[in-house]
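# What the coordinates show
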Amino acid sequence: MALLEVENLHIAVGSGGKLLPVVQGVSFCVDENETLGIVGESGCGKSLTSLAIMGLLGDSTVRITGGSIRFDGMDLLTLSAPERRAIMGNRMAMIFQEPMTSLNPVYRIGDQIAESIRQHQQISRSAARDRAVELLTLVRIPNPSERVDSFPHQMSGGQRQRVMIAMALSCDPKLLIADEPTTALDVTVQKEVLELMADLQDRMGTAIVLISHDLGVIAETCDKVAVMYRGKIAEAAATADLFAELAHPYTRGLLNSIPVVDRDVEWLEAIPGRVPTLEETLTGCAFHPRCALATDFCASRAPETSQFKPNHSVQCHFAGGSTT
Ligand code: SF4
């Protein structure tokens, strides 16, 4: 059995007395010691999916309207709030794009890590502080026994993200959800943080769900990939299989939008247009207004999920077709 199984998940946002679907029928699973990348532009539903797994949708206007989320044999959507809180930050943890929104600027980082540990473990303050130093060592913060007394503003962006990873790992979670963890960092630091996550996974066996808008980051880091577009999974496969043959025009557009540093142009080719807003009603395939392969059939009939290759699924009437 997979560690995490998301099955036919539906999430909707209440607006003007109506429920607008933001996530529609999303399914995937993640095994222990495996990394799943969820990729797509802003507004594709990938962050809401991860917040739903963590039980952090919070806002009463956003709600799960269908499906199931099973974690370590438990049906998370049937647990009580206290049962859910006992799992969060303990057996599953999350890190976000901007550490400063999660770190308290007026407390020393060692105190914040120790506090996180003591929320889930009955240990003394001095033992929690020792554990904080160990964790800072683990995430490769230089001089950890001194830096444990630093305030967040005294650290670089990359170091703050390492502190967030240390906090997330403080209770040895089985699942780590990382939502755009390196987007705010420059390329070199981004690479270091991704390597750190991979190294920690090797040592601790943690399953990781990595959310990113950057297919390049996903390609380097993940065992398998789910590409989301407007609340649905457009394409999903093992990373090697996906890149062996991209089946969905949206995935090909994402790949062509990766910055190329050694060329005169910054972007090879951006996907034309934008993700439609929730209020915009679309018939047929949600990608058709932006798709070079779109036909009248695409505009009238939404594609179902089909098997493109073994373990490689896609939602497109013309999967594998050329956009040129
Ligand atoms: Fe493009 Fe049609 Fe495939 Fe949608 S179904 S991605 S519009 S070719």
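Everything below is about the structure printed above this text.
Here's what I pulled together on the structure shown here. For every chain, the first residue of its written sequence is number 1, and the numbers climb from 1 along that sequence. In view of the model being predicted, local features appear only for residues whose pLDDT reaches at least 70, and side-chain atom pairs are presented and counted only at 80 or more, with totals across whole chains, interfaces and linings using the full set of residues. Side-chain numbers come from the whole structure's heavy atoms, not from hydrogens or water.

### Things to note about the sheet that holds strand β9 (residues 224-229)
Here, strands pair whenever DSSP counts at least two bridges between them. The way it works is that DSSP assigns letters per residue, a run of H or I at least four long becomes a helix, a run of E at least two long becomes a strand, and they are numbered from the N terminus. The strand order β6-β7-β8-β3-β9-β10-β12-β11 describes an open sheet built from eight strands, whose pairing is mixed. The open sheet terminates on both sides in strands that have one partner only, identified here as β6 (92-95) and β11 (306-309). Across this sheet, the average inter-strand angle for adjacent strands is 20 degrees, counted without regard to direction. In the sheet, strand β10 (residues 232-238) pairs with strand β12 (residues 312-314) via three bridges, with the strands oriented antiparallel. Bridge assignment links Glu 235 to a residue of β12, and that residue is Val 314. Contacts were defined at the residue level, with two residues in contact if any of their heavy atoms lie within 4.5 Å. Axis definition: a line fitted to C-alpha atoms, limited for helices to the stretch in contact. Angles are taken between N-to-C directions and run from 0 to 180 degrees. Helix-sheet contacts for helix α7 (residues 157-169) involve β6 and β7 (175-179), and the interaxial angle to β6 is about 170 degrees.

### Observations concerning the environment of Ala 236
As for its placement among the helices and strands, Ala 236 is situated in strand β10. As for Ala 236 and Pro 249, which are separated by 13 residues in sequence, their C-alpha atoms are 13 Å apart. Residues within four places of Ala 236 in sequence aside, it is in contact with Val 225, Ala 226, Asn 311, His 312 and Ser 313.

### Examining helix α1 (residues 46-54)
Among the residues of α1, those classed as buried are Lys 46, Thr 49, Ser 50, Ala 52, Ile 53 and Met 54. Looking one or two residues past α1, Gly 55 carries a phi angle of roughly 75 degrees, positive in sign. For every residue, the accessible area obtained with a 1.4 Å probe (protein chains only) is divided by the maximum for its type, and the residue is called buried under 20%, exposed over 50%, and partly exposed between those limits.

### Section: the pairing of strand β1 (residues 4-15)
Every regular strand shows the same layout, with side chains that alternate between the two sheet faces. Here β1 runs beside strand β4 (residues 62-71); their pairing, made up of eight bridges, is antiparallel. Looking at β4, one finds that Ala 12 is bridged to Arg 63. Pairing geometry for β1 and strand β2 (residues 18-30), over ten bridges, is antiparallel. For Leu 9, the partnering residue across the bridge sits in β2 and is Val 26. Between β1 and the antiparallel strand that follows it, β2, lie two residues; Gly 16 among them carries a positive phi value of about 55 degrees.

### With respect to the packing of aromatic side chains
Pairing of aromatic rings covers Phe, Tyr and Trp, the last counted by its six-membered ring, and requires centre-to-centre distances within 6.5 Å; plane angles under 30 degrees mean stacked, over 60 mean edge-to-face, and any other angle means tilted. Under the criterion given, the structure shown has three aromatic pairs. Seen from their ring centres, Tyr 229 and Phe 287 are 5.0 Å apart, and the 80 degrees between their planes marks the pair as edge-to-face. Here Tyr 229, found in strand β9, pairs with Phe 287, found in the loop between α11 (249-256) and α12 (296-300); they are 58 residues apart in sequence, far enough to count as distant. Both residues of the pair, Tyr 229 and Phe 287, belong to the buried class. Put simply, the rings of Tyr 229, Tyr 250 and Phe 287 touch in pairs and so form one group of aromatic residues.

### A closer look at the sheet that holds β1
Overall, antiparallel pairing links the four strands, which are arranged β2-β1-β4-β5 in an open sheet. In this open sheet, the two strands that pair with only one neighbour each are β2 and β5 (74-75). One ladder, built from two bridges, connects β4 with β5; its direction is antiparallel. The residue of β5 that forms the bridge with Arg 70 is Asp 75. Of the strands in this sheet, β1, β2 and β4 touch α1, which is tilted by about 110 degrees from β1.

### Digging into the packing of helix α4 (residues 109-120) against α7
At a closest axis distance of 9 Å, the pairing of α4 and α7 adopts a crossing angle of 20 degrees. By the angle between their axes, α4 is roughly parallel relative to α7. Our pair here, α4 against α7, has a crossing hand that is right-handed. Touching Ile 109, Gln 112, Ile 113 and Ser 116 of α4 are Val 163, Ala 166 and Met 167, all from α7. Angle categories: roughly parallel below 35 degrees, roughly antiparallel above 145, roughly perpendicular from 65 to 115, and oblique for all the rest. When the near helix sits turned anticlockwise from the far one by under a right angle, the crossing is termed left-handed; a clockwise turn instead gives a right-handed crossing.

### Focus: the site of the ligand
Neighbouring the ligand are 13 residues, the closest being Cys 285, Cys 291, Cys 298, Cys 316 and His 317. When residues are grouped by polarity, Ala, Val, Leu, Ile, Met, Phe, Trp, Tyr, Cys and Pro land in nonpolar, Asp, Glu, Lys and Arg in charged, and all others, Gly among them, in polar. The residue inventory of the shell around the ligand, partitioned by class, reads ten nonpolar, three polar and no charged. Near residues are defined by distance, with any heavy atom within 4 Å of the molecule or strand qualifying the residue.

### Focus: the nonpolar core
For this analysis, a nonpolar core means a set of buried residues of the types Ala, Val, Leu, Ile, Met, Phe, Trp, Tyr and Cys, connected via side-chain atoms within 4.5 Å. Leu 4, Phe 28 and Leu 175 are the most contacted members of the largest nonpolar core, which totals 86 residues. For this core, the leading source of residues is α7, giving seven residues. Sequence-distant contacts of Leu 175, defined by excluding residues within four places in its chain, comprise Leu 3, Leu 4, Ile 53, Phe 71, Arg 91, Met 92, Ala 93, Thr 206, Ala 207, Ile 208 and Val 209.

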